[in-house]
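Summary of the model geometry
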Amino acid sequence: MAKGSSPVDSAPADFSRAALLERLERETFDIAVIGGGITGAGIARDAALRGLTVALVEKGDFASGTSGRSSRLIHGGLRYLRQGQMRLVREALRERGLLLRLAPHLVRPAPIVLPLYADSHHRPLRLRFGLVGYDLLAGGLGIGRHHGLSPERTLQGEPQLRAEGLQVGFRYFDAVTDDARLTLTVALSAMRLGAVAVNYVEAVGLEETGGHIASVHYRDLIGGGQGTVRARAVVSAAGPWTDQVRSLAGASSLLRPTKGIHLVVPRARLAINAVVAFGWGGRDLFAMPHGQHSYVGTTDTDYADDPGAAEADHEDVAYVLEAANGTFATGLSMSDVVATWAGVRPLLREEGAPSSVPRDYEILDGPPGLYTICGGKLTTFRSMAEHLLDYVIERDGTRFPRRPARCRTARVPLPGGAVADFRRYEKEAVAALRDGWQIPEEAAARLVAAYGTEHVRVLSHAVREPDLLQPLAPGCPVLAAEVVHAARQEMAVTLEDFLRRRSDLMLFGQDGGRALRDEAARLMARSLGWSRQETRRQLAAYREAVARMTAFRSRAETSAAEAGA
Ligand SMILES: Cc1cc2nc3c(=O)[nH]c(=O)nc-3n(C[C@H](O)[C@H](O)[C@H](O)COP(=O)(O)OP(=O)(O)OC[C@H]3O[C@@H](n4cnc5c(N)ncnc54)[C@H](O)[C@@H]3O)c2cc1C
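All residue numbers refer to positions counted from 1 along the written sequence of the respective chain. Confidence filtering applies because this is a predicted model: local features only for residues at pLDDT of at least 70, side-chain atom pairs given and counted only at 80 or more, and all residues used for totals across whole chains, interfaces and linings. As a rule here, side-chain values come from all non-hydrogen atoms in the structure, and water together with hydrogens is ignored.

**Thoughts on the environment of Pro266**
As a reminder, the rule being used: For the purposes of this entry, the term helix denotes a DSSP run of H or I that reaches at least four residues, the term strand denotes a run of E that reaches at least two, and both are numbered from the N terminus. Buried residues are those whose accessible area, probed at 1.4 Å on protein chains only, stays under 20% of the maximum for their type, while exposed residues exceed 50% and partly exposed ones sit between those limits. Any two residues having at least one pair of non-hydrogen atoms within 4.5 Å are treated as being in contact.
With respect to the secondary-structure elements, Pro266 resides in strand E11 (residues 258-266). With relative accessibility at 26%, the residue Pro266 sits in the partly exposed group. The sequence separation of Pro266 and Arg526 amounts to 260 residues, and the corresponding C-alpha distance is 33 Å. If sequence neighbours within four positions are ignored, Pro266 has contacts with Gln292, His293, Ser294, Asp336 and Val338.

Right, here's the structure in full:
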């Protein structure tokens, strides 16, 4: 079924955990990366494509940090234009255009509707100039030009928008993605190119040899073992954990992290047809349609606790609901919220209110042998990796036994995306899966959207077991074969790895995937050899994660009970 090929589309390497850990210990790498979010995964892939040897350790799952908790936009960032950050916007728009071509299955153009009310912090004329600039800066990599909408046409497209005070609307274009899948695809691509990337391995120490950091001590959080990665250069791509990793080398702290949350409601309660960008209290928020659900975000508040423990609390949810209810005439309440997620922005420390902190990235050198990259955006991961590696090669390139090639990531498609006309391919593939394999249309569409041309690898698990072609539960768009594929080929180690990041059923499934979690656990247990006790433990851990996601309600219920008493 797949047309075209690229170096990344070759047969997968041995991704068995034992084999990867053995290589981590045995080999000396050109580069060791700490952190398996989009930044670290992007660096590992770029380095592997340049012919460097790479190790990557990730203390949780790939994308378990900020990269799996974003707004899922691949965008230039219209509001950064308002802040005069032309360079940042131009770079992000170029990256958006490249990703639309290199990963057309995972990054899709999306029309965005922007209603402007009388009390908005945006001025219509300035916004129009901004949108003209946005179109121009995208140049040949643009998606489409913006246009203005009368209040009537704005409401025709989005009937749930409030009519009173609506002055004008705009329609422009950006792109949306599945952030966790994008990150995972980049990491898996790096591995196919020879990188050794392992999840659930935590860097716990950095060691110098001859005045140069040359070893990363690690702990295997699954098997309990420990070991050392030897490398010629070490890169910290630890997102909001940057200061903790730098402290392992006695380096200074850099970050002023902020938290942003999203909440998910049934589509029937927030029936939007396109992404809606709206202003509230001087801030910009987005409401995005996603299958049977819509999600809304985000907030921007200082956050000083453990980034891994960030959750949406009662105030966060109340704020987003207030903003949504001020813009849409739908009367959302806490009880409509079926899921939430919270991410921590790895922003560089600057004085001022949180939302005025610029989203840019920094590359820091030192102590010798350690390079730190932090800040940036999901959208700009490719160019961040390119700049970081150019810098490392310039400073430390003589340490590498071979001269690295130039960056190739702007040309080599991501796995699943090497098709000239992806939309046509997608149409034909979905029809073939529906008519030839009897796969329900929604599941077929998801399969091709998530894996692109690689969906045939998922189907291959069903050749001997046709039952795997069934959805995980009636009406669910995810096939049983995807669980087996995730465990065998995508390094899913826990039930949450599958239900939250290989699929997003935890966030967008019915009741956090209640109807299908047992079946998913059964299939993972079979693939990974879990005992009954381990399967029960995985299910309990998953239920706890779902409960944390909706814990904001207990505060709401307590307040309601107190008010009623
Ligand atoms: C609410 C919100 C919305 C956003 N929306 C968008 C958007 O729509 N579009 C966009 O372009 N950008 C968006 N961003 C920004 C974007 O998500 C981040 O810039 C990006 O994901 C950061 O990626 P990262 O790899 O640097 O960090 P992370 O994804 O956090 O990765 C760092 C990784 O390092 C690992 N790690 C930490 N310490 C260790 C250790 N000792 N050993 C091993 N591993 C370790 C962590 O487990 C983590 O997985 C958003 C951010 C937030 C918070």
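**Observations regarding the side chain of Thr39**
With respect to the helices, strands and loops of the structure, Thr39 is situated in helix H2 (residues 38-49). Setting aside chain neighbours within four positions, we find Thr39 in contact with Ala237, Ile373 and Met384.

**Some thoughts on empty space enclosed by the protein**
A water-sized probe, rolled over the atoms, reveals where empty space remains. The following threshold applies: Cavity: a set of points on a 1 Å grid over the protein atoms alone where a 1.4 Å probe fits but cannot get out. Pocket: an open set with protein on both sides within 12 Å along at least five of seven lines, its lining residues, like those of a cavity, having an atom within 4 Å of a point. Grid points are joined across faces, edges and corners, and a volume is the space filled by probe spheres set on the points. Classification convention: Asp, Glu, Lys, Arg as charged; Ala, Val, Leu, Ile, Met, Phe, Trp, Tyr, Cys, Pro as nonpolar; all other residues, Gly among them, as polar.
The full count for this structure, using the stated rule, is three cavities of 30 Å³ or more. Considering only enclosed or pocket space, the largest cavity measures out at about 180 Å³ in volume. Lining the largest cavity are 16 residues, with Leu188, Arg192, Glu454, His485 and Glu490 positioned closest to its centre. If you list the elements that add at least two residues to the lining of the largest cavity, you get helix H7 (179-192), helix H12 (441-451) and helix H14 (480-489). A total of five residues in the lining of the largest cavity trace back to one element, the largest contributor, which is H7. Along the lines of polarity and charge, the residues of the lining of the largest cavity split into seven nonpolar, four polar and five charged. There is about 50 Å³ of room inside the second largest cavity.

**Examining the pairing of strand E4 (residues 107-117)**
Taken residue by residue, a regular strand's side chains alternate between the two faces of the sheet. Convention followed: Being paired, for any two strands, means DSSP has found at least two bridges between them.
In terms of burial, E4 is largely enclosed, as eight of its 11 residues are buried. For E4 and strand E6 (residues 166-177), the ladder comprises 11 bridges, and the chain directions are antiparallel. Across the sheet, residue Leu114 finds its bridge partner in E6, namely Phe170.

**Quick look at H7**
Rules: Working rule for helices: expected span equals 1.5 Å times residues minus one.
For H7, built from 14 residues, the straight-helix expectation of 20 Å at 1.5 Å per residue is met to within 8% by its first-to-last C-alpha distance of 20 Å. Positive phi appears at Gly194, one or two residues downstream of H7, with a value of about 115°.

**As for the pairing of strand E18 (residues 370-375)**
Counting buried residues in E18 gives six out of six residues, a clear majority hidden from the surface. Across three bridges, the pairing between strand E10 (residues 226-236) and E18 is parallel. Note that in E18 the partner of Ser236 across the bridge is Thr372. In the sheet, strand E17 (residues 361-365) pairs with E18 via five bridges, with the strands oriented antiparallel. For Ile363, the partnering residue across the bridge sits in E18 and is Ile373. Two successive antiparallel strands, E17 and E18, enclose a turn made up of four residues, where Gly366 displays a positive phi of approximately 125°.

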